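# Inside the fold
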Amino acid sequence: SVLFSDGIVEYIMDSALSPSEQRMIAAAAEAGGGDPSAGAIVYEDNCSECHMLSEEGGEVGPVLDGISAKGLKFIAEAILQPAKSLTKGFETYVAVDKDGRQSIGLKTRDEAGEVDITKANGDVVTIAKTDLKEIKIDDTKSVMPDDLSEAMTVKDYQDILSFLMLQKPKTE
């Protein structure tokens, strides 16, 4: 089944995507949709290390069960421009210690004396609060790679979108 229509493409094209990102969406739409089973492989190869789906995967990114409820536009933009709409709790922090060393990632622990920053590669950096010069949210960055559109073919992009659009919210 085709998961793209002219209306969806126009809707997506109204957003602030770069010309190359718009070309990728347009090419995916012209090609007539994606293959969810191939999308599962694209997901496994590119996303499962950080994202959890059906209780399997990493914990660096948001859980993707039920992601289809957010809609195709949200998913398409999240892949192409991950910093555009960060999920609460997955903001990117920049922590600078007194020696000027930067640690960039998710703030995964914040206790009385220490802060943990989990980097995109999964490494955890623990910084004593007494050693912190500053810690702030950088809303222009995401720990999710922003070059995924360069690593994926148009077919991969179509396939991952169709796979993610099948991830319906679980009914209790």
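That block above? That's the structure.
Below is a summary of the structure that appears in this document. (Residues numbered from 1 in each chain as written. Predicted model: local features only at pLDDT ≥ 70, side-chain atom pairs only at ≥ 80, totals over all residues. Heavy atoms only, no water.)

## Description of unusual backbone geometry
With phi around 55 degrees, Ser54 is a residue other than glycine that occupies positive phi space. Locating Ser54 in the fold gives a position in the loop between β1 (52-53) and β2 (56-57). (Helix = DSSP H or I, 4+ residues; strand = E, 2+ residues; numbered from the N terminus.)

## A closer look at the packing of helix α3 (residues 36-46) against helix α6 (residues 154-165)
A packed helix pair is summarised by two numbers, namely the angle formed by the two axes and the spacing between the axes. Packing of α3 against α6 leaves a shortest axis separation of 7 Å and a crossing angle of 100 degrees. Taken together, α3 and α6 sit at an angle that is classed as roughly perpendicular. Contact residues: α3 offers Pro36, Ala38, Gly39, Ala40, Val42 and Tyr43, while α6 offers Asp156, Asp159, Ile160, Ser162, Phe163 and Leu164. When grouped by side-chain class, the residues that make up the contact of α3 with α6 number eight nonpolar, two polar and two charged. (Axes fitted to C-alpha atoms, helices over the stretch in contact; angles between N-to-C directions. Parallel < 35°, antiparallel > 145°, perpendicular 65-115°, else oblique. Contact = heavy atoms within 4.5 Å. Nonpolar A, V, L, I, M, F, W, Y, C, P; charged D, E, K, R; others polar.)

## Thoughts on the environment of Arg109
Examined against the element boundaries, Arg109 turns out to sit in strand β4 (residues 102-110). Separated by 15 residues in sequence, Arg109 and Val124 have C-alpha atoms that sit 9.9 Å apart. In contact with Arg109, other than residues within four places in its own chain, are Glu114, Val115, Asp116 and Thr126. A distance of 2.6 Å separates the side chain of Arg109 from the side chain of Glu114, its partner in a polar contact. (Polar contact = N/O pair within 3.5 Å; in protein donor to acceptor, adjacent residues only side chain to side chain.)

## Here we look at the environment of Asp116
Considering the arrangement of structural elements, one finds Asp116 in strand β5 (residues 114-118). In this structure the C-alpha to C-alpha distance between Asp116 and Ser103, which are 13 residues apart in sequence, comes to 9.6 Å. Filtering out sequence-adjacent residues up to four positions away, Asp116 remains in contact with Leu106, Lys107, Thr108, Arg109, Val124, Val125 and Thr126. Here the side chain of Asp116 touches Thr126 through a polar contact of 2.7 Å, side chain to side chain.

## Some words on the state of the cysteines
As enumerated under the stated definition, the model contains zero disulfides in all. Note on Cys47: no disulfide assigned, nearest cysteine sulfur contributed by Cys50 at a separation of 8.7 Å. Overall, Cys47 belongs to the buried group, its relative accessible area being 15%. Judged by relative accessible area, Cys50 falls into the partly exposed class, the value being 22%. (Disulfide = S-S within 2.5 Å. Buried < 20%, exposed > 50% of the residue type's maximum accessible area, 1.4 Å probe, protein only.)

## Observations concerning the packing of helix α4 (residues 72-80) against α6
Where α4 meets α6, the closest approach of the two axes is 10 Å, and the angle between their N-to-C directions is 135 degrees. The angle between the axes of α4 and α6 places the two elements in the oblique class. Crossing angle aside, the handedness with which α4 passes α6 is right-handed. Across the interface between the two elements, Leu72, Ile75, Ala76, Ile79 and Leu80 of α4 pack against Tyr157, Ile160, Leu161, Leu164 and Met165 of α6. (Left-handed = near helix turned anticlockwise from the far one by under 90°.)

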